[in-house]
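As a plain string of letters, each chain reads:
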Amino acid sequence: MLPGEELPLRIFEPRYSALVQACMAADDPVFGVVLIEAGREVGGGDARSDVGALAHITECADMGSGRYRLKCVMEERFRVMEWQPDNPYPQAAVQLWPDEPGAAVDVAAIRDIEDRMVALFERIAAARGVEVNARDIVRDADESGDAAMWLYALATRLPLGQADRYAVLAAPTAAERVAALSEAVDTVIAMVEFQLSE
């Protein structure tokens, strides 16, 4: 999950019911979300990534019998400093991770990413015989004026694989995030062109 995304959840497992109860008892109901790199989350034995984002619970409906319906908004990213025993749900010591200082973000490079995304969406629409205003799909991604959030918002509009999404999230600086997203756009374009050529 990337900062700025919405995360709706239906909770029914006892360990995650306990997580929701602990969150809702806190002043700021929040929990962390990380990518499972290998294995399965259910039953343990999974390998978890060390970069994630905080999910802020904005709505919580108690459905009874330990079941909850949540609406969350992903916000700050973090690094896992140490995994702790699952008791009863996965837990870790984390540190918020704002973008590190680095090279200035090239706005022209972000606009180039937008232009390539627009061309991609138009190519898909033409292949399907539909009309779409592809510029509208990417236009509202830069409303915040924050380069990091602009890049995250653009990434959420693309059908990226988990590895590409993680590369965007885990880029240490905004400039490196531009490079990661640009590479991910190239990957999606190549994949779409391959599928359309068949």
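The structure we're discussing is the one just above.
What counts as what
- Here the residue index of a chain counts from 1 through its sequence in written order.
- The predicted origin of the model limits local features to residues at a pLDDT of at least 70 and limits the giving and counting of side-chain atom pairs to 80 or more, whereas totals for whole chains, interfaces and linings rest on all residues.
- Remark: hydrogens and water are excluded; side-chain values derive from all non-hydrogen atoms of the structure.
- Note on definitions: salt bridges are taken to be side-chain nitrogens of Lys or Arg within 4 Å of carboxyl oxygens of Asp or Glu.
- Secondary structure elements follow DSSP: runs of H or I no shorter than four residues count as helices, runs of E no shorter than two count as strands, and numbering proceeds from the N terminus.
- Only protein chains enter the accessibility calculation, which uses a 1.4 Å probe; a residue is then buried when its area is under 20% of its type maximum, exposed when over 50%, and partly exposed in between.
- Only a pair of cysteine sulfur atoms within 2.5 Å qualifies as a disulfide here.
- Nine residue types can take part in a nonpolar core, namely buried Ala, Val, Leu, Ile, Met, Phe, Trp, Tyr and Cys, and a core is a set of them joined through side-chain atoms within 4.5 Å.
- Whether two residues are in contact is decided by their heavy atoms: any pair within 4.5 Å suffices.

## Brief notes about the pattern of salt bridges
With the rule as written, the count across this model stands at 12 salt bridges. Residue Glu59 is joined to Lys71 by a salt bridge in which the shortest nitrogen-to-oxygen separation is 3.9 Å. A residue pair is termed long-range when its members are at least 10 positions apart, and Glu59 in strand E3 (residues 47-64) and Lys71 in strand E4 (residues 67-84) qualify at 12 residues. On the basis of relative accessibility, which here comes to 45%, the residue Glu59 falls in the partly exposed class. Its relative accessible area of 46% is what places Lys71 among the partly exposed residues.

## Thoughts on the state of the cysteines
When the sulfur atoms of two cysteines share a covalent bond, that bond is a disulfide. Tallied over the entire structure, the rule returns 0 disulfides. We note that Cys72 lacks a disulfide partner, and the nearest cysteine sulfur, in Cys23, lies 8.4 Å from it. You can call Cys72 buried: its relative accessible area is 2%.

## Some thoughts on the nonpolar core
Counting 28 residues, the largest nonpolar core has Ile113, Met117, Phe121, Leu154, Leu158, Leu160 and Leu181 as its most contacted members. Among the secondary structure elements, those contributing two or more residues to this core are helix H2 (107-128), helix H3 (134-139), helix H4 (147-156), helix H5 (162-170) and helix H6 (174-197). Here this core takes 7 residues from H6, the largest share from any one element. Non-local contacts of Ile113, meaning those with residues more than four positions away in its chain, are made with Leu154, Val178, Leu181, Ser182 and Val185. In this structure, Leu19, Val20, Val33 and Ile57 belong to the second largest nonpolar core, which totals 16 residues.

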